[in-house]
Every structure is written in structure tokens, then in C-alpha cells.
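As a plain string of letters, each chain reads:
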Amino acid sequence: MERKVMIDQAKVRVLLLENIHPDAVSRLEAAGYQVESVAGALDEAELVERIPGVRLLGIRSKSRVTAKVLAAADSLVAIGAFCIGTDQIDLAGASQAGIAVFNAPFSNTRSVVELALAEIIAMTRRLTEKNNLMHQGIWDKAANGSHEVRGRRLGIVGYGNIGTQLSVLAENLGMRVSFYDTADKLALGNAQRCSTMDELLAGSDVVTLHVDGRPGNAGFFGAEQFAKMRPGTLFLNLSRGIVVDHASLRDALVSGHLAGAAVDVFPTEPKGRGDEFRSELRGLPNVILTPHIGGSTEEAQSDIGDFVATKLVNFVQEGNTTLSVNLPSVALPASTDMSRVIHVHLNMPGVLAQVNSILAEHQVNVEGQLLSTRGEYGYLITDISGSYSDDVLEQLRGMSQTVRLRVLSNE
């Protein structure tokens, strides 16, 4: 729970890790925040040491916000994941502490999709092998093994933001599309939904993974799945490194069962730029290896930087949680002459009545109020006019259901 009544914008400390785009820095500094940028990721011990006094933390995919980090975070109010995934953050622990988490679920979608399409075409035409031969001085103009993507079947595992956009653009190239998702998803265009992943694997010329990194997905694609794919299939993983057994992928490639693969994410990745990359897949022909750059375009990183930074600023200044990953979504228009009470609480009956009873007891006038719940937690914004005593805050803070209390003042 947080005792501070008013956030002094000039003293909001922000820690940004992993080369977050300068647009994010500019947005946060424009709000009056003190921003520190770190080029690489920090391990748990380093982050535990750096996190005290930090109000806003920005990370990408390599820094892990664990329970130990959250325990050391004495001032943290929000975490910005400047990427799509949030599996590197202890979301349950953040919710228990009343810390909001925001990500960028849409900003780099196009960049990932374009990389997937480029790699599908490159492997289908065997461009990587032709390129290597040319650099060795060998002129091999044969068409053997080179194909058009038109008419080939693309199987998409995971039909979310990336999977659906890839589906549409692949159809525009003349590909036929099948998809499999554990959730009930609406098929776009002429895409065909598969009832099982086995059905998708058996009927696809190209299989691409676009799933999240939840623990249950670790190692779910391995030797059994590769064996069920057609001989000569191409395979892509631009999602999470932990979902694929790379030893089994190597076996499928070396045996010739798979004709090629493109991999952008790995179970273990180097900590920083220039560090040695180790993988069972190095040196294999018609295998494209990229250093986790699916969303690494100037356009995507700029969009992500501005999008997530704006969410963080809106949360600090207005308490709005629109598109929060872990807290209920609440947005109340800002008022210039009122104090705003932010109450994160356990989702139990009677909380709203209890809050309003405390305010009424102290003759506090409520000008606006909005409550939303999600799972175990509720999020309440209350705008009040006029003065109020510290007793009001102490009673709200003392409620057994209270997780965290913040008060924003525009006076």
C-alpha cells in the first residue's frame, strides 16, 4: 500500500532497460520525469539493486521482473513491457502489489508479419543457399527445389493479432491458409480453421508458430509434432524460444524431413549485443537464424515507445488503466479542480459501499466514480472536490480489502 498523497511529477524516477526507443524517453521526459536508460538487460540481482526508488520500470523481453524484484520495488507503481509478451513479468505478484502492467499488443504486429512472409519466400525459393553459393563464387542457376508460394498451404499455429494479419497477407500472395488456436477465433478471408493441431500439421506446406510464452507452452512443439508434418515442409518460429525443442528441430532438418526453417527466438539468448550466440541450428543449410528481431524495425520500435510510454504517463497522472495486462480497465476523464482517489482492492462484495460510507461519514463530496473488476481484483477511481482529512485516507487504507491506495491531486 502506498502512503503518498500527491505524486510530485518532477521526482518520478523511470528506469528503462534494453535500448528502449528514444521516443519513449522523450515522452516521459516531456511529462517531467527523471529517466535513466540502460543499454542492455539486467539480471535479477542487478535489477533488485537498481529498483528501489523507481516509480516506473520499462523493459523488453530479456529482463525478468520476478518476485524478488517486486519485493525490492519500494516505490514502483507501473511496469511497461515495450514488446508484446509479458511472460517475463510476475503478473500475479504485480497485481498483489497493485502495480499496473502495460504492453504493446499491436505496435509491432506488421513488422513480425513482414519478416515471416520474407522468410517464407526466401526459404521457398532457397535464396539463402543461392546467396551462400554466390559468395563462394559458384554460379548455380538450377531451379531444383525452388518454388512459388502461390498455391501452397500455410498452417498458422496461434491465430492472434500476428496470426490473423499474416493470414490475410498470405492469402493476398495466393497462399491457402489453415490455422489452429485453442481459443474460438473467427476465420478471416478464406482461412480454414483446423479442429486439431495434428490436422493442421498433416495438411500444411509451411508451418509457423505465433503463440505466447506461458509456462504451459514450454516444449509443446517437438519430435512428435515434426514427425506429423509432411516431408519437405518449411517451419518458422517467431514467437517464443521455449516452445520448440531445438534438438528435435535439428534432427528433422538434418534427416531431410523438413526442407528448411526460420527461427527468430531461442530458449537461451545472449544477454547483450555482440555476445556469442550458441545453437544446435548453426551451420545448417536453408535455415534462417535471426537475433530476435521480429519486432525490431524503426517504425515498430518508435510506435511501441510512444504507445507504452503514453500508457505509463496516463496511469501516473490520471490513474487510467486502459489496456492494462493485469488490472481491470478503468478510464475516467481528468478533472482540473479535484483530487482523485485510486483504490486497488480485492474483488469482494460490499467494497464500493464501504468506500462511499467512509467518504460520506467525513462529508466528502463525490464528483465522479468508476469501478471495474477482473478476477481477484477491483479497481476504483473516485473524484472528490473540496478538502478532506487524513482520517479519510487512513480509513480507506485500513480496509481489509485494500491492496493499494493512491491519491492524485490537481491543486
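Just so we're clear, the structure is a prediction, and the values are computed from it rather than from any experiment. (Residues numbered from 1 in each chain as written. Predicted model: local features only at pLDDT ≥ 70, side-chain atom pairs only at ≥ 80, totals over all residues. Heavy atoms only, no water.)

1. Some thoughts on the packing of helix H1 (residues 22-30) against helix H11 (residues 298-318)
Here H1 crosses H11 at 25°, and the two axes come no closer than 7 Å. In terms of their interaxial angle, H1 and H11 are classed as roughly parallel. Seen from above, H1 lies across H11 with right-handed handedness. Across from Asp23, Ala24, Arg27 and Leu28 in H1, the residues of H11 making contact are Ser302, Gly305, Asp306, Ala309, Thr310 and Val313. (Axes fitted to C-alpha atoms, helices over the stretch in contact; angles between N-to-C directions. Helix = DSSP H or I, 4+ residues; strand = E, 2+ residues; numbered from the N terminus. Parallel < 35°, antiparallel > 145°, perpendicular 65-115°, else oblique. Left-handed = near helix turned anticlockwise from the far one by under 90°. Contact = heavy atoms within 4.5 Å.)

2. Concerning the packing of helix H12 (residues 351-361) against helix H13 (residues 390-398)
Running from amino to carboxyl end, H12 crosses H13 at an angle of 160°, the nearest separation of the two axes being 10 Å. The orientation of H12 relative to H13 falls into the category roughly antiparallel. When the axes of H12 and H13 are compared, the crossing they make is right-handed. Here Val355, Ile358, Leu359 and Glu361 of H12 come into contact with H13, specifically with Val392, Gln395 and Leu396. Of the residues contributing to the contact of H12 with H13, the split by class is five nonpolar, one polar and one charged. (Nonpolar A, V, L, I, M, F, W, Y, C, P; charged D, E, K, R; others polar.)

3. Quick word on H13
The complete set of buried residues in H13 reads Val392, Leu393, Leu396 and Arg397. Viewed end-on, H13 has its buried residues packed into an arc of 125°, placing them on one side of the element. (Buried < 20%, exposed > 50% of the residue type's maximum accessible area, 1.4 Å probe, protein only. Arc of directions from axis to C-beta.)

4. A few points about the confidence of the model for the protein
Of the residues in the protein, 97% reach a pLDDT of 70 or more, and the chain-wide mean stands at 93. Confidence drops under a pLDDT of 50 for residues 1-10, and excluding neighbours within four residues, the segment shows 35 contacts in the predicted structure. (pLDDT = per-residue confidence, 0-100.)

5. A few points about the pattern of salt bridges
In the structure shown here, the tally under the stated rule is 14 salt bridges. For the salt bridge of Glu276 with Arg282, the shortest nitrogen-to-oxygen distance reads 4.0 Å. Residue class for Arg282 comes out partly exposed when judged on its relative accessible area of 46%. For Arg397, the salt bridge is made with Glu394, and the minimal N-O distance between the two is 3.5 Å. Placement of both Arg397 and Glu394 in helix H13 is noted, with a separation of three residues, approximately one turn of the helix. Take Glu394: its relative accessible area is 39%, and that puts it in the partly exposed class. Taken together, the salt bridges that share partners define one network made up of Asp198, Glu224 and Lys228. (Salt bridge = Lys/Arg side-chain N within 4 Å of Asp/Glu carboxyl O.)

6. A word on the sheet that holds strand E1 (residues 13-16)
Ordered in space as E2-E1-E3-E4-E5, the five strands form an open sheet in which the pairing is parallel. Edge positions in the open sheet fall to strand E2 (34-37) and strand E5 (100-102), since each of these has one partner strand only. Mean inter-strand twist for the sheet, computed between neighbouring axes without regard to direction, equals 15°. Bridging between E1 and strand E3 (residues 56-59) involves three bridges; their strand directions are parallel. Across the sheet, Val14 pairs through a bridge with Leu56, a residue of E3. Along the sheet, H1 contacts E1, E2 and E3; its crossing angle with E2, the most-contacted strand, is approximately 160°. (Pairing = 2+ DSSP bridges.)

7. Side note on unusual backbone geometry
Unlike most non-glycine residues, Asn19 shows phi in positive territory, near 55°. Looking at where Asn19 falls in the secondary structure, it is placed in the loop between E1 and H1. For Asn286, which is not glycine, the phi torsion reads 55° and is therefore positive. Mapped onto the elements, Asn286 comes out in the loop between strand E11 (258-263) and strand E12 (287-289).

8. A look at the packing of aromatic side chains
Summed over the entire model, instances satisfying the criterion amount to seven aromatic pairs. Geometrically, the ring pair formed by Phe221 and Phe226 is edge-to-face, given 5.1 Å between the ring centres and 70° between the ring planes. There is no split in this pair, since Phe221 and Phe226 are both buried. Here Phe266 and Phe277 contribute two aromatic rings whose centre-to-centre distance is 4.7 Å and whose plane-to-plane angle is 65°, an arrangement assigned as edge-to-face. Here Phe277 lies in the loop between E11 and E12 and Phe266 lies in the loop between E11 and E12, a separation of eleven residues in the sequence. (Phe/Tyr/Trp six-rings, centres within 6.5 Å; stacked < 30°, edge-to-face > 60°.)

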